[in-house]
Amino acid sequence: MSVDNAHRPVLGIDLGTTFSCIARWDGKGPSVYPLAGGKRTLPSVVYYDEKNKDYLVGDIAVKWGLINPENAVFGVKRMMDNKNEQIKLGDQTFSPVDISQKILEKLMTDVRNKFPEGVFKPEGVVVTVPYYFKAHQCRNTEEAAQNANINVLGILQEPIAAALAYMMQLEHDNQLANRSETFLVFDLGGGTFDITVFELTITDDLIRFEVLSTGGDDRLGGLDFDNVIKDHIVKEQNLGDDFVIPDNLGEDDNKKKTTEVKKAVQSLLEAGKIAKEELSAMDTAFIAIPHVFPGKNVDMELSLDKMNELLDPYVKKIRDIIDATIARSGKRADEVSIVIKVGGSSQLKVMHQLLSDFFGESKVYGDVNPCECVAQGASIYAAIQDGRLEIGKEIEIQTRTSHALGVEVEDGIFHEIIPANSEAPCDGWEIFGTDGDNVTELEIDVYQGSSAFVKDNSKVGTVHVSGLLQRPAGELDIKVTFKVSDQQIVSVIVEEEESGIKKVEKMQVA
Ligand SMILES: Nc1ncnc2c1ncn2[C@@H]1O[C@H](COP(=O)(O)OP(=O)(O)OP(=O)(O)O)[C@@H](O)[C@H]1O
Ligand SMILES: [Mg+2]
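## Description of the sheet that holds strand S19 (residues 394-398)
In step 1: One open sheet holds the 6 strands; their spatial order is S18-S17-S12-S13-S14-S19, and the pairing between them is mixed. Single-partner strands in this sheet number two, and they are strand S18 (364-365) and S19.
In step 2: With 10 bridges connecting them, strand S12 (residues 179-188) and strand S13 (residues 193-202) associate as antiparallel partners. From the neighbouring strand, Leu-188 faces S13, where its bridge partner is Phe-193.

Take a look at the structure:
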């Protein structure tokens, strides 16, 4: 049976903090769609145009955001933790899910517009999320996709997508020979730093990826680098006082000054970002911003050395995280045979240097595109899910739990049942007693996270149990078992023998 990969494709979307990208499976490999305007990535920025009641997404939203910062939202992925967050754009409020929906819609519309009306009917889409995303963040992402009328084939973790892009590149280069190797995905994007150590095993009939360890920082990326460069410009150009909003201003003047400051911040961040990107190809960048504040211009040089000095605290942090993650994988740095650079910020010279120093220059892989490989990998996964990938070998992905899983015990205390970084499938159990006399019903709240207190962790779901025999406190033995499947679904089994109760509930944890 032939599949029409052009008109009825399966797609992969990298919904990034700063940039998003969309690819399709073309029958032989992944292929990234150029978007309206010709670029292959879309700034994940949404602008609400109050006058025309219209939403602008991408480069145009960035531009309008410089003029009216109150109507633009940047980095919504960092807000996906809280679905109820109110994002105010002009006179309207939106949730992070609404904003993500707009970005997804824009990607789909740009692609759909390449075809005559009605011809483009994708069969399904895989959307990527960071490895550390908890169940509810994945669900929020899925909801945004569903609201954008997308048939979601799966939610895939970004490093696994990058690993699949690497696999297809090996296939393309006829390098899928039988072997075992340790490789590492180093993803430094706009908002997040992630590293994942994989063991890849290729036999005659199987390609197996095993996640050995993961590490990272969900608040470390290009946006932070832009920020320190912005602060440097402010210092160098003596702009500090211009940011002060005096207490004695009337309402109108206060509003005017607040907007002026917001605009200046956006312009400085944007100029800092451009300089930073230029410095991955050059040794000096010129920064010029006319009228950053009334009557004030920015006009200065930023050298690569100076930028590297500004970024040094981040580089040290990244080096420590690499060290710790390698240690957890049970491997040594010299056992890592390939390092795959992912994410726009991995192109910084200082990052290339760091990886070369750590692993050796020849280990840093240059054959996957750092800005596109996550979307590519998502489309490969979509092809696997839809039975379109013909590679002659089965593909197996062995993951680990990214967070500890447990239940709430007395007064908000988190009791861990499955530790973080456990190889899935895995299971664990614990016996609990009732804390009051004659309790016949229980709500067992399941959480994931690393804190000892449930309030700092995130709720995965609740199992309601009724029909317990009336007994004094602590007398019943309530056994709670967690079984995590390799698809990261946890089955929560609650048993009480004397009352003859066994309840099973399934929850998705990633
Ligand atoms: N040549 C370059 N040199 C340095 N930084 C760059 C370069 N190109 C892009 N960047 C930076 O990379 C970041 C965007 O990277 P990317 O598109 O991988 O992030 P993302 O996928 O949106 O973020 P995340 O993966 O954290 O969700 C931006 O901060 C951008 O300034
Ligand atoms: Mg990314």
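## Remarks on the packing of helix H7 (residues 304-329) against helix H8 (residues 349-359)
In step 1: Remark: H7 packs on H8, axes separated minimally by 9 Å, with the N-to-C direction vectors making an angle of 40 degrees. Comparing their axes, H8 and H7 come out oblique. At the point where H7 passes H8, the crossing takes the right-handed sense. Along the contact surface, H7 presents Leu-304, Asn-308, Leu-311, Val-315, Ile-318, Arg-319, Ile-322, Asp-323 and Ile-326, while H8 presents Lys-349, Val-350, Met-351, Leu-354, Leu-355, Phe-358 and Phe-359.

## Overview of the site of ligand 1
In step 1: Taken together, 19 residues form the shell around ligand 1, and within it Thr-17, Thr-18, Phe-19, Lys-276 and Glu-277 come nearest.
In step 2: A distance of 2.6 Å separates an oxygen atom of ligand 1 from a polar side-chain atom of Glu-277.
In step 3: Here an oxygen atom of ligand 1 and a backbone polar atom of Ser-345 are 3.2 Å apart.
In step 4: For ligand 1, the accessible surface in isolation is 650 Å², of which the surrounding protein chains cover 91%.
In step 5: Broken down by element, the shell around ligand 1 gets its largest block of residues, 3 residues, from helix H6 (residues 251-278).
In step 6: Considered class by class, the residues forming the shell around ligand 1 number 2 nonpolar, 13 polar and 4 charged.

## Observations concerning H8
In step 1: Every buried residue of H8 is accounted for by Val-350, Met-351, Leu-354, Leu-355, Ser-356, Phe-358 and Phe-359.
In step 2: Tucked into the core, H8 has its buried residues touching S12, helix H5 (222-236), H7, strand S17 (336-342) and S18.
In step 3: Gly-360 sits one or two residues past H8 and shows a positive phi near 105 degrees.

## Quick look at a negative patch on the surface
In step 1: On the surface, Glu-408, Glu-410, Asp-411 and Asp-435 cluster together into a patch of negative charge.
In step 2: When you line up the elements, Glu-410 lands in the loop between strand S20 (405-409) and strand S21 (413-418).

## Structural notes on the domain arrangement of the chain
In step 1: You can read the domains of the chain as domain 1 (1-157), domain 2 (222-308) and domain 3 (405-508).
In step 2: Spacing between the C-alpha centres of domain 1 and domain 3 amounts to 36 Å.
In step 3: At the junction of the two partners, domain 1 supplies 4 residues and domain 3 supplies 6 residues.
In step 4: A buried area of about 440 Å², summed over both sides, lies between domain 1 and domain 3, and 43% of it is on carbon and sulfur atoms.
In step 5: Looking only at domain 1, the three residues that lose the most surface to domain 3 are Lys-134, Ala-135 and Arg-139, adding up to 77% of its buried area.
In step 6: At the junction of domain 1 with domain 3, the criterion picks out 0 salt bridges.
In step 7: Taken together, domain 1 and domain 3 are joined by 2 residue pairs in polar contact (both at pLDDT 80 or more).
In step 8: The residue inventory of the side of domain 1 that touches domain 3, partitioned by class, reads 1 nonpolar, 1 polar and 2 charged.

## Some points on the side chain of Ser-44
In step 1: In this fold, Ser-44 is placed in the loop between strand S4 (42-43) and strand S5 (46-49).
In step 2: A polar contact of 3.5 Å, which involves the side chain of Ser-44, links it to the backbone nitrogen of Phe-19.
In step 3: In contact with Ser-44, other than residues within four places in its own chain, are Gly-16, Thr-17, Thr-18, Phe-19, Ser-20, Val-73, Phe-74, Gly-75 and Ile-103.

Analysis parameters
Numbering of residues starts from 1 in every chain and runs along the sequence as written. Just so you know, chain letters begin at A and ligand numbers begin at 1, following the order they were written in. Where local features are concerned, this predicted model is filtered to residues with pLDDT of at least 70; where side-chain atom pairs are given and counted, the filter is 80 or more; whole-chain, interface and lining totals use all residues. Note: side-chain values were computed over all heavy atoms of the structure, leaving out hydrogens and water. Note on pairing: two strands pair once DSSP finds at least 2 bridges between them. Numbering of helices and strands runs from the N terminus, with a helix taken as a DSSP run of H or I at least four residues long and a strand as a DSSP run of E at least two residues long. Only the stretch in contact is used when fitting a helix axis, every axis being a line fitted to C-alpha atoms; angles between N-to-C directions are given from 0 to 180 degrees. Angles are sorted into four bins: roughly parallel if under 35 degrees, roughly antiparallel if over 145, roughly perpendicular if 65 to 115, and oblique for all others. What makes a crossing left-handed is the near helix being turned counterclockwise from the far one by less than a right angle; a clockwise turn instead makes it right-handed. Throughout, a contact is declared for two residues whenever any of their heavy atoms are within 4.5 Å. In these notes, residues near a molecule or strand are those with any non-hydrogen atom within 4 Å of it. Distance and chemistry together define a polar contact, namely a pair of N or O atoms within 3.5 Å, with one atom able to donate a hydrogen and the other to accept it when in protein, and with adjacent residues in sequence counting only for side-chain atoms on both sides. For every accessible area listed, the method is Shrake-Rupley and the probe measures 1.4 Å; residues are considered covered only by the protein chains on display. Gly falls in the polar group here, along with every residue not listed as nonpolar (Ala, Val, Leu, Ile, Met, Phe, Trp, Tyr, Cys, Pro) or charged (Asp, Glu, Lys, Arg). Partly exposed describes any residue whose relative accessible area lies between the buried limit of under 20% and the exposed limit of over 50%, with all areas from a 1.4 Å probe on protein chains only and scaled to the type maximum. Like-charged residues are merged into a patch within 9 Å and nonpolar side chains (Val, Leu, Ile, Met, Phe, Trp, Tyr) within 5 Å, provided each residue has over 30% relative accessible area and no salt bridge. What makes a salt bridge here is a side-chain nitrogen of Lys or Arg within 4 Å of a carboxyl oxygen of Asp or Glu, nothing more. The positive count covers Lys and Arg only, the negative count covers Asp and Glu only, and His and the chain ends enter neither. The atoms used to mark charge sites are NZ of Lys, CZ of Arg, CG of Asp and CD of Glu. Domains are outlined according to an automatic or database domain assignment. Each of two parts loses accessible area, computed with a 1.4 Å probe, when they are put together; buried area is these two losses added.

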